[in-house]
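Listed here are the chains, written in short residue letters.
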Amino acid sequence: MLKKITYVAFSAVLFAACSSNNTKKVMIVATGDINVNADSKTITLAGGSGATDKTVEFNSSGPLTLTIKAEDGTSTPVTLNDNGFFMLNARKDTIAGAYQNYAAPKTTVDTIKQATLEKGIDSISQLIEGKNVSAANRNFFVTPNTAVKLTTNTDAFVVPPFHQMTSIEKVGDKDPEVYRFYTLNEIREQLAKLKALTAPQTQQPKK
């Protein structure tokens, strides 16, 4: 699948002169091309195939309303009330994600305990249904044409759906703040793999 990763910083000189406390950083995910007009605060979906994302920054001390213009001509307003890092879903399907501790030691499949697997299956199942989702839990369920605030840290790393990132380099003594998102279909595939690990193993007949 075609994957485009783009970062756009509008009015860099203006941002440098303004307080970072007013920054609203937005990762937009869509299918096909994304065009952003900073002056009109408009996100235009130009069509095409493949998962696409674009990250933009706006300086606004109050609420900021962005308008998503779809290929069919319809427009949908999305308002960001706070400052920080946001995920805006301009896809036609729901995406979900959560904070990921990439600094934690890696665990091989062979050493994962049954209880840990079952807990993971339960958590993922709830996430697909939008249950037990909250800012406090640092997990997110983002329906089409909506946005959610992930963190006040605009230097956080956000990994969009279909990205193959598996690790991130630690800088200094501070662990990176990472949020990873998937489409619900991707999550269902992961869930099926976890369930396969918990399935009873069929013993081979003795010869």
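Report follows, based on the coordinates. Keep in mind the model is a prediction, meaning the values are calculated, not measured. (Residues numbered from 1 in each chain as written. Predicted model: local features only at pLDDT ≥ 70, side-chain atom pairs only at ≥ 80, totals over all residues. Heavy atoms only, no water.)

Looking at the overall build of the protein
Heads up, the rule is: Put simply, DSSP marks the helices as runs of H or I at least four residues long and the strands as runs of E at least two long, and each gets a number from the N terminus on. Between buried and exposed lies partly exposed: a residue is buried under 20% and exposed over 50% of the maximum accessible area for its type, with that area taken using a 1.4 Å probe on protein chains only. Should any heavy atoms of two residues lie within 4.5 Å, those residues are considered in contact.
Across its full length, the protein carries three helices and 11 strands. For the protein, the α and β elements follow one another from N to C terminus as β-α-β-β-β-β-β-β-α-β-β-β-β-α. Across the 207 residues that make up the protein, the buried fraction comes to 38%. Contacts spanning at least 24 positions in sequence make up 67% of the contacts within the protein whose residues lie at least 6 apart.

Observations regarding the packing of aromatic side chains
Here is the rule we go by: The criterion for an aromatic pair is that two Phe, Tyr or Trp rings (for Trp, the six-membered ring) have centres within 6.5 Å, with stacked assigned to planes under 30 degrees apart, edge-to-face to planes over 60 apart and tilted to the rest.
One pass over the structure, following the stated rule, counts three aromatic pairs. With a centroid separation of 5.8 Å and an interplanar angle of 65°, the aromatic rings of Tyr 99 and Tyr 179 are classed as edge-to-face. You can see Tyr 99 sitting in strand β7 (residues 95-100) and its partner Tyr 179 sitting in strand β11 (residues 178-183), a full 80 residues away along the chain. The class for Tyr 179 is buried, based on a relative accessible area of 1%.

Focus on the pairing of strand β3 (residues 42-59)
Stated formally: Two strands pair if DSSP finds at least two bridges between them.
Of all 18 residues that make up β3, 13 are buried, and the element is covered over most of its length. Both strand β2 (residues 23-37) and β3 contribute to a ladder of 14 bridges, which runs antiparallel. Its bridge partner lying in β3, Thr 31 is registered against Ala 51. Hairpin remark: β2 followed by β3, antiparallel, with four residues in the connecting loop; positive phi at Lys 41, about 55°. The sheet contact formed by β3 and strand β4 (residues 64-69) spans three bridges and is parallel. Bridge assignment links Thr 44 to a residue of β4, and that residue is Lys 69.

Focus on the sheet that holds strand β8 (residues 139-142)
What counts, and what does not: In this analysis, axes come from line fits to C-alpha atoms, helices being fitted only over the stretch in contact, and the angle between any two N-to-C directions falls in the range 0 to 180 degrees.
Spatial strand order, β8-β7-β11-β10: four strands in an open sheet with mixed pairing. Lying at the two open borders of the sheet, with one neighbouring strand each, are β8 and β10 (157-159). On average, each strand axis in the sheet is tilted by 20° relative to the strand beside it, whichever way the strands run. Judged from the six bridges that link them, β7 and β11 form a sheet pairing that is antiparallel. The residue bridging Tyr 99 from the neighbouring strand is Tyr 179, located in β11. Most of the contacts of helix α3 (residues 184-198) go to β11, to which it runs at about 95°, and overall it touches β7, β8 and β11.

Here we look at the nonpolar core
The line we're drawing: Residues grouped as a nonpolar core are buried Ala, Val, Leu, Ile, Met, Phe, Trp, Tyr and Cys residues, joined through side-chain atoms within 4.5 Å.
Ranked by size, the top nonpolar core spans 17 residues in total, and within it Val 26, Ile 28, Ile 43, Leu 66 and Leu 88 carry the most contacts. Within the residue set of this core, elements represented by two or more residues are β2, β3, β4, β5 (75-80) and β6 (84-89). Broken down by element, the residue count for this core peaks at five residues, all from β2. When neighbours within four sequence positions are excluded, Val 26 is seen to be in contact with Lys 54, Thr 55, Val 56, Phe 58, Leu 66, Leu 80, Phe 86 and Leu 88. Formed by 12 residues, the second largest nonpolar core is a distinct cluster that contains Phe 85, Ile 95, Val 142 and Val 158.

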